[in-house]
Amino acid sequence: MISSKKQRIALISVHGDPAVEIGKEEAGGQNVYVRQVGEALAKRGLEVDMFTRKANKQDATVVEHSPNCRTIRLTAGPEEFIPRDNLYGYLPAFVEEFLKFQSSNGVEYPVVHTNYWLSSWVGMELKKVQPIKQVHTYHSLGAVKYKSIATIPMIATTRLAVEKTVLETADRIVATSPQEKKHMRELVSAKGNIDIIPCGTDIRRFGSVSKQEARHQLGIDSDTKVVLYVGRFDPRKGIETAVRAVGQSQLRGDAKFKLIIGGGSRAGQSDGKERERIEGIVSELGLSDLTVFPGRLGPNDLPTYYAAADVCVVPSHYEPFGLVAIEAMACGTPVVASDVGGLQFTVVPEETGLLCPPKNPAAFAGAIDRILANPDWGMQMGQAARKRVEMKFSWDGVAAQLSDLYTQLVQVPAQEVGPVSA
Ligand code: UDP
């Protein structure tokens, strides 16, 4: 329940600008999460300010998204793109700018919801000087990520320490899946209050186009088998696995077959290297004729692409949640995903899709073929997938749970509040 006086909330996302175009460079799930949560909270009557670092001189300092919901870009370091692993040194400037913004605008935020470890540090610093309640969402855990990459960055020790401190001291940690909570407990700390509140998706937009209409719009015949990937071009997203799986598919030779790899920036951007590598594998496997790279898909394209597909693949090496899976499911498309992290929560094997060991093209090929060879079963799973998203993963439902949490935190002294679902 929200009290009659408008509750003010700051969402802090230092490196994930909620107002930018999604799907290119480092912009992905976190940007979507912050923006959608912000707008859904505003619709519920909260005053929402989303703070991010200004990463481009041309960007506006304030962007109004809807009544009561805006993005505020603070200058902390050069106004240019800086990879997230190099941002730590600019955080004190971010804190200073945040405090300046508060005092010059005469606003206070009883609750600050921080996103990713960089922002968690900002929240912890603010807590030292203001009576705020901090809620934190990790989006990615260093302790998990560093297990799966070969070169550990210089910042790792700092990140791991910050992630432990915030778990132990934040007023509430929001895990987006039971799997993420388990990882926090096993790999970060046994202390701290954790609630599970999932990520969400727009169930009106995703699911608004029928398969037939989508195929018509994209010029794809009804008898073509369509496998879709959507996401950033980052080696950890496992696009290579999807491509090699299609290379091994038994059905590829004798049917009309299309692999669509959506996402990514134009050439010359930082994710271009991975795109070139993937294009190289596509041509090496002789898949160039059946593969298309439509580039970044905008909010209006996405529902059409998901609906047109017979299968959406999410082959990530690791995924704390994985928005793409629930977006595809909301469009009635079954998902073949890596058996990791949040994907184990969203995808129910044999009911809404299939799970495969990550980095295993043969397993992905088998799963994709099972669905493509049984279109009726695929459709049935797609319908069950849509139902699951309606029940569990709508932004409105997620925002309701978050705003209840914020209200609970501001109304009761911190030490008396126990976790809702820990
Ligand atoms: N996305 C998009 N256009 C694209 C590619 C991706 O809007 O061309 C969006 C996608 O719809 C999803 C988000 O980017 O909402 C990716 O989130 P996810 O959690 O799947 O992965 P992350 O990028 O956080 O690793």
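Heads up: the structure comes first, above all this text.
Owing to the predicted nature of the structure, the values given are computational and were not obtained by experimental measurement. (Residues numbered from 1 in each chain as written. Predicted model: local features only at pLDDT ≥ 70, side-chain atom pairs only at ≥ 80, totals over all residues. Heavy atoms only, no water.)

Engineer: Tell me what's going on with the site of the ligand, and back it up with residues and numbers.
Structural biologist: Near the ligand lie 19 residues; those nearest to it are Gly29, Arg232, Lys237, Leu297 and Glu327. Gly29 places a polar main-chain atom, nitrogen or oxygen, 2.7 Å from an oxygen atom of the ligand. Lys237 is positioned such that a nitrogen or oxygen atom in its side chain is 2.7 Å from an oxygen atom of the ligand. A total of 540 Å² of accessible area belongs to the ligand in isolation, and the protein chains cover 90% of it. Among the secondary structure elements, those contributing two or more residues to the shell around the ligand are helix H1 (29-43), helix H10 (302-308) and helix H11 (323-330). When residues of the shell around the ligand are assigned to their parent elements, the largest contribution, 3 residues, is made by H11. Partitioning the shell around the ligand into residue classes produces 8 nonpolar, 6 polar and 5 charged. (Near = heavy atom within 4 Å. Polar contact = N/O pair within 3.5 Å; in protein donor to acceptor, adjacent residues only side chain to side chain. Areas by Shrake-Rupley, 256 points an atom, 1.4 Å probe, with all protein chains shown as cover. Helix = DSSP H or I, 4+ residues; strand = E, 2+ residues; numbered from the N terminus. Nonpolar A, V, L, I, M, F, W, Y, C, P; charged D, E, K, R; others polar.)

Engineer: How would you explain the environment of Ile194 if you had to name every residue and give the values?
Structural biologist: Within the fold, Ile194 resides in strand S8 (residues 194-196). Note on Ile194: relative accessible area 0%, which makes it buried. Taking the C-alpha atoms as reference points, Ile194 and Ile173, separated by 21 residues in sequence, lie 4.6 Å from one another. (Buried < 20%, exposed > 50% of the residue type's maximum accessible area, 1.4 Å probe, protein only.)

Engineer: Which residues make up the packing of aromatic side chains, and what values go with them?
Structural biologist: For any pair of aromatic rings, geometry is given as the distance between the ring centres together with the angle between the planes. Per the counting criterion, the structure on display carries 11 aromatic pairs. Both rings, one in Phe345 and one in Phe393, keep their centres 5.5 Å apart while their planes meet at 85°; by these two values the pair is edge-to-face. Residue Phe345 is found in helix H12 (residues 343-346), and its partner Phe393 is found in the loop between helix H14 (375-392) and helix H15 (395-411); the two are separated by 48 residues along the sequence. Residue Phe345 is classed as buried on the basis of its relative accessible area, which comes to 15%. For Phe393, a relative accessible area of 0% puts it in the buried group. Counting every residue linked through ring pairs, the aromatic cluster contains Phe51, Phe98, Phe101 and Tyr109. Lying across the ring of Tyr116, Arg84 places its NZ or CZ 5.4 Å from the centre. (Phe/Tyr/Trp six-rings, centres within 6.5 Å; stacked < 30°, edge-to-face > 60°. Lys NZ or Arg CZ within 6 Å of the ring centre and 35° of its normal.)

Engineer: So, the sheet that holds strand S12 (residues 311-314): which residues are in play, and what are the values?
Structural biologist: Across the sheet, 6 strands lie side by side as S11-S10-S9-S12-S13-S14; this open sheet has parallel pairing. At either end of the open sheet lies a strand with only one pairing partner, and these are strand S11 (291-295) and strand S14 (353-356). Neighbour-to-neighbour, the strand axes of the sheet open up by a mean angle of 20°, direction not taken into account. Together, strand S9 (225-230), strand S10 (257-262) and S12 form the strand contacts of helix H8 (residues 239-248), whose direction differs from that of S10 by roughly 175°. (Pairing = 2+ DSSP bridges. Axes fitted to C-alpha atoms, helices over the stretch in contact; angles between N-to-C directions. Contact = heavy atoms within 4.5 Å.)

Engineer: Please give an account of helix H9 (residues 272-284) that cites residues and values.
Structural biologist: Here H9 contains 13 residues, and its C-alpha end-to-end distance of 18 Å stays within 8% of the 18 Å for a straight helix at 1.5 Å per residue. Buried within H9 we find Gly272, Glu274, Ile278, Ile281 and Val282. Buried residues belonging to H9 abut H8, S10 and S11. Taken from the residues just after H9, Gly286 is the one with a positive phi, measuring 70°. (Expected span 1.5 Å × (residues − 1).)

Engineer: How would you summarise H1 if you had to cite specific residues and measurements?
Structural biologist: Relative to the 21 Å expected for 15 residues at 1.5 Å per residue, H1 spans 21 Å between its end C-alpha atoms, a close match to the ideal helical length. For H1, the full list of buried residues reads Gln30, Asn31, Val32, Tyr33, Val34, Val37, Gly38, Ala40, Leu41 and Ala42. Among the residues trailing H1, Gly45 stands out with phi positive, at a value near 105°.

Engineer: Explain the nonpolar core to me, using residue names and the numbers behind them.
Structural biologist: With 56 residues, the main nonpolar core has Val48, Tyr306, Val335, Leu402 and Tyr406 as its most contacted residues. For Tyr306, the residues in contact, after removing those within four places along its chain, are Phe206, Leu228, Val230, Cys312, Val324, Glu327, Ala328, Cys331 and Thr333. The next biggest cluster of nonpolar side chains, apart from the first, holds 41 residues, and it includes Trp117, Leu118, Tyr146 and Leu167. (Core = buried A, V, L, I, M, F, W, Y, C linked by side-chain atoms within 4.5 Å.)

Engineer: Please set out the packing of H1 against H15 residue by residue, giving values where relevant.
Structural biologist: Contact geometry of H1 with H15 gives a least axis separation of 9 Å together with a crossing angle of 75°. Overall, the two elements H1 and H15 adopt an arrangement that is roughly perpendicular. Together, Val32, Tyr33, Gln36, Val37, Ala40, Leu41 and Lys43 of H1 and Trp395, Asp396, Ala399, Leu402, Ser403 and Tyr406 of H15 make up the contact between the two elements. Counted by class, the contact of H1 with H15 contains 9 nonpolar, 2 polar and 2 charged residues. (Parallel < 35°, antiparallel > 145°, perpendicular 65-115°, else oblique.)

Engineer: If you had to explain the packing of helix H5 (residues 156-169) against helix H6 (residues 178-188) to someone new, which residues and values would you point to?
Structural biologist: Running from N to C, H5 and H6 cross one another at 115°; their axes reach a closest spacing of 11 Å. Considering their axes alone, H5 and H6 lie roughly perpendicular with respect to each other. When the axes of H5 and H6 are compared, the crossing they make is left-handed. Contact residues: H5 offers Glu163, Lys164 and Leu167, while H6 offers Met184, Arg185 and Val188. Partitioning the contact of H5 with H6 into residue classes produces 3 nonpolar, no polar and 3 charged. (Left-handed = near helix turned anticlockwise from the far one by under 90°.)

Engineer: Talk me through unusual backbone geometry; I want residue IDs and the actual numbers.
Structural biologist: Backbone geometry places Asn68, a non-glycine residue, at a positive phi of 75°. Among the structural elements, Asn68 can be located in the loop between strand S3 (62-66) and strand S4 (69-74). Despite not being glycine, Tyr116 shows a phi value in the positive range, around 80°.

Scope: geometric values only; no functional claims are made or implied.
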